[in-house]
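Letter by letter, the chains look like this.
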Amino acid sequence: MKKWLIESEESLCKAMEALKSGEIPKENLYKLAPLFYSEKQKTNNESLIQEMCDVNDQQIEHDCSCDPDSIKRYKFNYVSSYLYCYVVAGKIDDFKYDNVMDYVNSNMDLFSD
(Lines give C-alpha, C1' and ligand atoms only; values in the text may rest on other atoms or scores of the structure.)
Protein backbone atom coordinates (compact mmCIF):
# COMPACT_ATOMS: atom_id res chain seq x y z
CA MET A 1 0.00 0.00 0.00
CA LYS A 2 2.94 2.29 0.62
CA LYS A 3 3.64 2.52 -3.11
CA TRP A 4 0.11 3.81 -3.70
CA LEU A 5 0.58 6.43 -1.02
CA ILE A 6 3.90 7.59 -2.49
CA GLU A 7 2.49 7.72 -6.01
CA SER A 8 -0.60 9.62 -4.83
CA GLU A 9 1.53 12.14 -2.95
CA GLU A 10 3.81 12.68 -5.93
CA SER A 11 0.91 13.06 -8.32
CA LEU A 12 -0.94 15.48 -6.04
CA CYS A 13 2.24 17.51 -5.66
CA LYS A 14 2.51 17.83 -9.46
CA ALA A 15 -1.14 18.81 -9.69
CA MET A 16 -0.77 21.42 -6.95
CA GLU A 17 2.23 22.83 -8.80
CA ALA A 18 0.05 23.17 -11.90
CA LEU A 19 -2.41 25.26 -9.87
CA LYS A 20 0.24 27.91 -9.30
CA SER A 21 -0.06 29.13 -12.89
CA GLY A 22 -3.56 30.37 -12.06
CA GLU A 23 -4.97 28.93 -15.27
CA ILE A 24 -6.81 26.09 -13.54
CA PRO A 25 -9.43 26.66 -10.85
CA LYS A 26 -8.69 24.38 -7.91
CA GLU A 27 -12.18 22.89 -8.22
CA ASN A 28 -11.12 21.53 -11.63
CA LEU A 29 -7.87 20.00 -10.39
CA TYR A 30 -9.36 16.53 -10.79
CA LYS A 31 -9.44 17.07 -14.56
CA LEU A 32 -5.65 16.78 -14.59
CA ALA A 33 -5.73 13.26 -13.14
CA PRO A 34 -6.03 11.37 -16.46
CA LEU A 35 -3.24 13.46 -17.96
CA PHE A 36 -0.86 12.77 -15.09
CA TYR A 37 -1.91 9.12 -15.06
CA SER A 38 -1.14 8.76 -18.77
CA GLU A 39 2.20 10.49 -18.29
CA LYS A 40 3.13 8.19 -15.40
CA GLN A 41 2.01 5.07 -17.26
CA LYS A 42 3.52 6.25 -20.55
CA THR A 43 0.32 5.79 -22.49
CA ASN A 44 -1.13 8.01 -25.18
CA ASN A 45 -4.28 6.01 -25.85
CA GLU A 46 -6.63 8.90 -26.61
CA SER A 47 -9.83 6.90 -26.25
CA LEU A 48 -8.74 5.54 -22.85
CA ILE A 49 -7.77 9.01 -21.63
CA GLN A 50 -11.12 10.38 -22.81
CA GLU A 51 -12.94 7.57 -21.01
CA MET A 52 -11.02 8.45 -17.83
CA CYS A 53 -12.02 12.10 -18.23
CA ASP A 54 -15.66 11.17 -18.78
CA VAL A 55 -15.81 8.77 -15.83
CA ASN A 56 -14.16 11.29 -13.51
CA ASP A 57 -16.53 14.05 -14.66
CA GLN A 58 -19.51 11.78 -14.00
CA GLN A 59 -18.23 10.89 -10.53
CA ILE A 60 -17.70 14.52 -9.55
CA GLU A 61 -21.08 15.46 -10.99
CA HIS A 62 -22.72 12.70 -8.94
CA ASP A 63 -20.87 13.71 -5.77
CA CYS A 64 -21.92 17.33 -6.25
CA SER A 65 -25.54 16.33 -6.79
CA CYS A 66 -25.46 14.65 -3.37
CA ASP A 67 -23.35 17.34 -1.67
CA PRO A 68 -22.72 20.61 -3.51
CA ASP A 69 -19.80 21.39 -1.19
CA SER A 70 -17.94 18.29 -2.34
CA ILE A 71 -16.45 20.30 -5.22
CA LYS A 72 -14.45 22.23 -2.63
CA ARG A 73 -12.58 19.07 -1.63
CA TYR A 74 -10.27 19.47 -4.57
CA LYS A 75 -7.32 17.48 -3.17
CA PHE A 76 -9.53 14.51 -2.35
CA ASN A 77 -11.26 14.76 -5.72
CA TYR A 78 -7.91 14.82 -7.52
CA VAL A 79 -6.44 11.80 -5.72
CA SER A 80 -9.69 9.86 -6.04
CA SER A 81 -9.84 10.63 -9.77
CA TYR A 82 -6.17 9.80 -10.27
CA LEU A 83 -6.46 6.43 -8.59
CA TYR A 84 -9.71 5.67 -10.39
CA CYS A 85 -7.84 5.94 -13.67
CA TYR A 86 -6.30 2.58 -12.73
CA VAL A 87 -9.81 1.09 -12.59
CA VAL A 88 -10.79 2.56 -15.95
CA ALA A 89 -7.56 1.19 -17.44
CA GLY A 90 -8.35 -2.26 -16.03
CA LYS A 91 -5.23 -2.38 -13.86
CA ILE A 92 -7.18 -2.72 -10.59
CA ASP A 93 -10.82 -3.44 -9.73
CA ASP A 94 -13.24 -1.38 -7.65
CA PHE A 95 -12.54 -3.43 -4.53
CA LYS A 96 -8.80 -2.78 -4.74
CA TYR A 97 -9.49 0.90 -5.52
CA ASP A 98 -11.63 1.21 -2.36
CA ASN A 99 -8.87 -0.35 -0.25
CA VAL A 100 -6.18 1.86 -1.78
CA MET A 101 -8.32 4.97 -1.42
CA ASP A 102 -9.04 4.16 2.24
CA TYR A 103 -5.33 3.72 2.92
CA VAL A 104 -4.29 6.86 1.04
CA ASN A 105 -7.06 8.91 2.63
CA SER A 106 -5.94 7.75 6.08
CA ASN A 107 -2.34 8.74 5.43
CA MET A 108 -2.67 12.01 3.50
CA ASP A 109 -4.26 15.30 4.46
CA LEU A 110 -6.70 15.67 1.60
CA PHE A 111 -9.12 18.06 3.25
CA SER A 112 -7.06 21.14 4.04
CA ASP A 113 -5.97 24.06 1.95
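Residues numbered from 1 in each chain as written. Predicted model: local features only at pLDDT ≥ 70, side-chain atom pairs only at ≥ 80, totals over all residues. Heavy atoms only, no water.

**Things to note about the packing of aromatic side chains**
Line of reasoning, step 1. Taken as a whole, this structure holds 8 aromatic pairs when the rule is applied.
Line of reasoning, step 2. Arranged with centres 4.9 Å apart and planes meeting at 90 degrees, the rings of Y37 and Y86 form a pair that is edge-to-face. Remark: Y86 occurs in helix 4 (residues 74-88) and Y37 occurs in helix 2 (residues 33-41); sequence separation between them is 49 residues.
Line of reasoning, step 3. Residue Y86 is classed as buried on the basis of its relative accessible area, which comes to 4%.
Line of reasoning, step 4. An angle of 75 degrees between the planes, with centres 6.2 Å apart, marks the rings of Y82 and Y86 as edge-to-face. Placement of both Y82 and Y86 in helix 4 is noted, with a separation of 4 residues, approximately one turn of the helix.
Line of reasoning, step 5. An aromatic cluster is defined as three or more aromatic residues linked by ring pairs; in this entry it consists of W4, F36, Y37, Y78, Y82 and Y86.
Line of reasoning, step 6. Across the ring face of W4, the terminal group of K3 is positioned such that the distance to the ring centre comes to 4.1 Å. (Phe/Tyr/Trp six-rings, centres within 6.5 Å; stacked < 30°, edge-to-face > 60°. Helix = DSSP H or I, 4+ residues; strand = E, 2+ residues; numbered from the N terminus. Buried < 20%, exposed > 50% of the residue type's maximum accessible area, 1.4 Å probe, protein only. Lys NZ or Arg CZ within 6 Å of the ring centre and 35° of its normal.)

**Regarding the pattern of salt bridges**
Line of reasoning, step 1. Under the counting rule described, the total for this entry stands at 5 salt bridges.
Line of reasoning, step 2. For the salt bridge of K20 with E17, the shortest nitrogen-to-oxygen distance reads 3.3 Å.
Line of reasoning, step 3. In this structure K20 comes out as exposed when scored by relative accessible area, which is 65%.
Line of reasoning, step 4. Residue D67 is joined to R73 by a salt bridge in which the shortest nitrogen-to-oxygen separation is 2.7 Å. (Salt bridge = Lys/Arg side-chain N within 4 Å of Asp/Glu carboxyl O.)

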